[in-house]
Amino acid sequence: MSALPSKGPAGRPPAASRVAAASPLAPTPASASSFSAWLGVVLAVVLFSGGLFGYDQGVISGALTGIKSTFALSPLVVEVVTSWVTLGALFGALAGGELADRIGRKRTVLIAGALFTLGAAVQAFAPVTEILVAGRLIIGLGVGVAAVVAPLYAAELSPAAWRGRFVSAYQLAITIGIFLAYLVDGWLSSSENWRTMLGAAAVPGLLLFVVALVAPESPRWLMKMSRRSDAAVELKKVSPDVPIEGELDSIALALSNKSSGASWGEMLRPEWRRPLMVGLGLAVFQQVTGINAIIYYADQIFGAAGFATEASRTTVTTWAIGGVNVLATLIALAFIDRWGRRKLLLAGLIGMTASLIVVGGAFRFITFAAPVAAAASGASAVAPAGPSVAGLVTLVGLVAFIVSFAFSLGPVVWTVINEIFPGRIRGRAVAICTAVNWGSAFLVSQFFLSLVNGIGSSLAFWLFALLSGVGWVWVYVYVPETKGQSLEQIQLIWKGLAK
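Position numbers for residues count from 1 along each chain, tracking the sequence in the order it is written. With the structure being a predicted model, the display of local features is reserved for residues of pLDDT at least 70 and the display and counting of side-chain atom pairs for 80 or more, all residues being used for whole-chain, interface and lining totals. Each side-chain value is derived from all of the structure's non-hydrogen atoms; neither hydrogens nor water enter the calculation.

Novice: Would you explain the overall build of the chain in this entry?
Specialist: Looking only at helices and strands, one finds 23 helices and zero strands in the chain. What makes two residues a contact is simply this: any of their non-hydrogen atoms within 4.5 Å. Long-range pairs, those at least 24 residues apart, make up 85% of the contacts in the chain between residues at least 6 apart in sequence. Each accessible area is a Shrake-Rupley result for a 1.4 Å probe, and residues are judged covered by the shown protein chains and nothing else. For the chain, the accessible area works out to roughly 18600 Å², and carbon and sulfur atoms hold 69% of it. The helix count covers DSSP runs of H or I at least four residues long, the strand count covers runs of E at least two residues long, and both are numbered beginning at the N terminus.

Structure, rendered in structure tokens:
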């Protein structure tokens, strides 16, 4: 398969420039639309969805101690309690795309809110382990559905000039959710009140449901369903300053006057293979470059850096990972629509590669056999008596990695995935990419410990560095720039390249 043009004279693929210049689907004044109250509602849906995602992912680490004490779990059941959120998210992502296309973006958000609320309540009041696991699975389904529909909803309802920031707000909300989970864990850890930790998610879950009730539906989905008058009403809410009929004509032309849903096989048509390849590649590289493995071993890394007590490691994890993750994601929010997607991706991958090389090198001077063995057996790792130079270098490298990931692969991947597909296949295509992302995350988390035991910590992190370098080359060759273009104009990039 030939590569997509990396960029043309104006910073976007030459084919895009040629197609856009001759097309009636050039960006409309929607890019200059004022920020309406309805856009605020759309943003609230995105923030609640992402925040719940992050909270439910992060809170389990602090709740596990109390759960094991209450139910006397075996190591295998502990793994099930922890991992079934990921399993549920995988199936939720696949279902979310189908639901978004069949019943609409808004109703699918309502389902996600209901799943978050129900799952949190089931966990909080679980009398036995089986009910707790069921609650974790329900929460996972909510996470998967939200991971598909919330960025998709943001991409379809935000003006072109703000789309990057709206979709990136979802990733920002995830980091805030993780950070809040760390704070709640620290606050409640002394009493081991795990039921409150897990059940607290029911409140924002219910708020998401309420906000979604009054939120507008996607005009693009309504046009796909041949409901032009309803689409005009909803478009007027979020973009009151644009020529409504002209915008709807552009959407209708992009849908090729075929209002019915596309088949799964249509995603393999020649003009859509390239965006599918770009979406799947970004989904995989976001995970195989090591973000979950880094976070998984944060406690051992900070122990090697001299944080000897559990309280000190909890504090540094909260701020060095949770706090830094939030702040660095703000970089993407501020610049994704100004600098573009490609520049942030390429810059972030350079930082990730360099920091992983440093972390791998520092591990050469840290004896990590004991922490790795302890993690494998479920025991607590023994921290060194004081800080070491290599441990502090590892800490700095870890923070640099989190920063680089948080302003690039973290938010930008979701932005690109949710804007590159045509309306006819967008829901299902985003669902496939999201499911592949969850599958990649599961594989990395499942086999990282075996990888470390097999080749050593240094080589494991250098492998992630190599994959980050490969990711940089892949982004440079295959990923086009999409900033400032309407979803309909982006669709024309792929049609032009397929000719």
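Next, the rest of the story.
Novice: For this particular structure, what's the right way to read the packing of helix H5 (residues 105-124) against helix H9 (residues 202-214)?
Specialist: Axes are the key here: two packed helices are described by the angle between their axes and the distance separating the axes. Running from N to C, H5 and H9 point in directions that differ by 160°, and their axes come no closer than 8 Å. With respect to each other, H5 and H9 are oriented roughly antiparallel. Crossing of H5 against H9: the hand is left-handed. Of the residues in H9, those touching H5 at Lys106, Val109, Leu110, Ala112, Gly113, Ala114, Phe116, Thr117 and Ala120 are Ala202, Gly205, Leu206, Leu208, Phe209, Ala212, Leu213 and Val214. Three residue categories are used. Nonpolar comprises Ala, Val, Leu, Ile, Met, Phe, Trp, Tyr, Cys and Pro, charged comprises Asp, Glu, Lys and Arg, and polar comprises the others, including Gly. For the contact of H5 with H9, the per-class residue count stands at 13 nonpolar, three polar and one charged. Lines fitted to C-alpha atoms define the axes, with helix axes restricted to the stretch in contact, and inter-axis angles between N-to-C directions lie between 0 and 180 degrees. We call two directions roughly parallel when the angle between them is under 35 degrees, roughly antiparallel when it is over 145, roughly perpendicular when it lies between 65 and 115, and oblique otherwise. Crossings are sorted by hand: turned counterclockwise from the far helix by less than a right angle, the near helix makes the crossing left-handed, and turned clockwise it makes it right-handed.

Novice: Please explain empty space enclosed by the protein as it appears in this structure.
Specialist: Using a probe with the size of a water molecule, rolled over the atoms, empty space left in the structure can be pinpointed. Residues are called lining when one of their atoms sits within 4 Å of a cavity or pocket point, these points coming from a 1 Å grid over the protein atoms alone, where a cavity is a set in which a 1.4 Å probe fits but cannot get out and a pocket is an open set with protein on both sides within 12 Å along at least five of seven lines. Grid points are joined across faces, edges and corners, and a volume is the space filled by probe spheres set on the points. One pass over the structure, following the stated rule, counts three cavities of 30 Å³ or more. What the second largest cavity holds in volume is close to 50 Å³. Looking at the second largest cavity, the residues that line it are Arg220, Ile251, Ala254, Leu255, Gly423, Arg426, Glu488 and Gln491. Elements with a contribution of two residues or more to the lining of the second largest cavity: helix H12 (244-254) and helix H23 (487-498).

Novice: Would you mind going over the packing of aromatic side chains with me for this structure?
Specialist: Geometrically, a pair of aromatic rings is defined through the distance of the ring centres and the angle of the planes. In this scheme Phe, Tyr and Trp rings, the latter by its six-membered ring, pair at centre separations within 6.5 Å, and the angle between planes marks the pair as stacked below 30 degrees, edge-to-face above 60, and tilted otherwise. Applying the stated criterion to the full structure yields 11 aromatic pairs. When the ring of Phe461 is compared with that of Phe464, the centres are 6.3 Å apart and the planes differ by 70°; the resulting orientation is edge-to-face. On the criterion of helical spacing, the pair formed by Phe461 and Phe464 is a turn pair, its members being three residues apart in helix H22 (residues 457-478). Like Phe464, Phe461 is buried. A centroid spacing of 5.4 Å and a plane angle of 5° characterise the contact between Trp472 and Tyr476, whose relative ring orientation is stacked. Here's how the labels work: a residue is buried when its accessible area is under 20% of the maximum for its type, exposed when over 50%, partly exposed in between, all with a 1.4 Å probe on protein chains only.

Novice: What exactly am I supposed to notice about unusual backbone geometry here?
Specialist: Note on backbone geometry: most residues besides glycine have negative phi, and most peptide bonds are trans. A positive phi angle, near 60°, is found at Ser226, a position not held by glycine. Along the chain, the position of Ser226 falls in the loop between helix H10 (219-224) and helix H11 (228-238). Under the relative-accessibility criterion, Ser226 is labelled exposed at 51%.

Novice: When you look at a nonpolar patch on the surface in this model, what are you seeing that I'm missing?
Specialist: A patch consists of residues exposed above 30% relative accessible area that lack any salt bridge, with like charges linked at up to 9 Å and nonpolar side chains (Val, Leu, Ile, Met, Phe, Trp, Tyr) linked at up to 5 Å. What counts as a salt bridge is simple: a side-chain nitrogen of Lys or Arg found within 4 Å of a carboxyl oxygen of Asp or Glu. A grouping of Ile455, Leu459, Leu463, Leu466 and Val470 is seen on the molecular surface, where their side chains present a nonpolar patch of about 400 Å² in accessible area. Broken down by element, the residue count for the nonpolar patch peaks at four residues, all from H22. With respect to the element layout, Leu466 can be found in helix H22.

Novice: In this structure, what is going on with the packing of helix H3 (residues 60-71) against helix H4 (residues 75-102)? I would like to understand it.
Specialist: Taken N-terminus to C-terminus, the directions of H3 and H4 make an angle of 145°; their axes are 11 Å apart at the nearest point. Handedness of the crossing formed by H3 with H4: right-handed. Along its contact with H3, which presents Ile60, Leu64, Ile67 and Lys68, the element H4 presents Val78, Val81 and Thr82. A class-by-class count of the residues in the contact of H3 with H4 yields five nonpolar, one polar and one charged.

Novice: Looking at this structure, I do not really get the layout of surface pockets. What am I missing?
Specialist: In this structure, the second largest pocket spans a volume of roughly 270 Å³. Contributing to the lining of the second largest pocket are 13 residues, with Gly51, Tyr55, Gly177, Leu180 and Pro204 lying nearest its centre. Listed by contribution, the elements that provide at least two residues to the lining of the second largest pocket are helix H2 (37-58) and helix H7 (163-188). In terms of residue class, the lining of the second largest pocket is built from 11 nonpolar, two polar and no charged.

Novice: For this particular structure, what's the right way to read the environment of Phe48?
Specialist: Positionally, Phe48 belongs in helix H2. Taking the C-alpha atoms as reference points, Phe48 and Gly205, 157 residues apart in sequence, are found 7.6 Å from one another. When residues no more than four places from it in sequence are discounted, the contact partners of Phe48 are Pro204, Leu207, Leu208 and Val211.

Novice: Is there a simple way to think about the nonpolar core in this case?
Specialist: Buried residues of nine kinds, namely Ala, Val, Leu, Ile, Met, Phe, Trp, Tyr and Cys, make up a nonpolar core once their side-chain atoms join them within 4.5 Å. Core analysis: the largest hydrophobic core is formed by 136 residues, its most contacted members being Ile67, Leu282 and Phe421. Ranked by residue count, the leading element in this core is helix H6 (residues 129-157), at 16 residues. Beyond its immediate stretch of four places on either side in the chain, Phe421 contacts Pro275, Leu276, Gly279, Arg426, Ala429, Val430 and Cys433.

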